[in-house]
Amino acid sequence: GVREMKGGHLRLEVMCNQTSERMQAVWFSPPQSGSLLAINKFPVDVEFLAQPEWNHFRGKRTLQLQIRDLKLL
């Protein structure tokens, strides 16, 4: 799933095809592309480059991925 945050940033839930593990990811200032809209329509396969980081929000600490680049397959 994909949600738009303030400032045009995106919060995504990503899942590994091999393990079915899910993880939260954030993508700051993604490029404005019509193909990105397809991500929110239905589950799609993507490749992405990301860096793990801690997210501190409302007193809760969770591990998330910060997406640096993404492409639809």
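Look a little higher up for the structure.
Residues numbered from 1 in each chain as written. Predicted model: local features only at pLDDT ≥ 70, side-chain atom pairs only at ≥ 80, totals over all residues. Heavy atoms only, no water.

1. So, the sheet that holds strand 2 (residues 10–15)
Moving on, step 1. Strands sit in the order 1-2-3-5-4 across an open sheet of 5 strands; the sheet is mixed. Of all strands in the sheet, those with a lone pairing partner are strand 1 (2–4) and strand 4 (46–57), marking the two edges. Mean inter-strand twist for the sheet, computed between neighbouring axes without regard to direction, equals 30°.
Moving on, step 2. Note that strand 4 and strand 5 (residues 60–72) share 12 bridges and pair antiparallel. Each bridged residue has a counterpart across the sheet, and for F57 the counterpart in strand 5 is K60. (Pairing = 2+ DSSP bridges. Helix = DSSP H or I, 4+ residues; strand = E, 2+ residues; numbered from the N terminus. Axes fitted to C-alpha atoms, helices over the stretch in contact; angles between N-to-C directions.)

2. Some remarks on the pattern of salt bridges
Moving on, step 1. Enumeration according to the criterion identifies 2 salt bridges in this entry.
Moving on, step 2. Linking E13 and R22 is a salt bridge whose minimum nitrogen-to-oxygen distance equals 3.4 Å.
Moving on, step 3. Since its relative accessible area comes to 56%, R22 is described here as exposed.
Moving on, step 4. E47 serves as the salt-bridge partner of K71, at 3.7 Å between the closest nitrogen and oxygen. Here K71 is found in strand 5, whereas its partner E47 is found in strand 4, with 24 residues between them in sequence. (Salt bridge = Lys/Arg side-chain N within 4 Å of Asp/Glu carboxyl O. Buried < 20%, exposed > 50% of the residue type's maximum accessible area, 1.4 Å probe, protein only.)

3. Quick notes on the pairing of strand 2
Remember that side chains alternate between the two faces of the sheet whenever the strand is regular.
Moving on, step 1. Pairing geometry for strand 1 and strand 2, over 3 bridges, is antiparallel. Paired with R3 across the strands is R11, a residue of strand 2.
Moving on, step 2. Counting the residues between successive antiparallel strands, the hairpin from strand 1 to strand 2 contains 5 residues, one of them, G7, with a positive phi of roughly 80°.
Moving on, step 3. Pairing analysis gives 6 bridges linking strand 2 to strand 3 (residues 22–27), with the strands arranged antiparallel. In the sheet register, V14 faces strand 3, and the bridge partner there is M23.
Moving on, step 4. Between strand 2 and strand 3, which pair antiparallel one after the other, the connecting turn spans 6 residues, and S20 there sits at a positive phi close to 65°.

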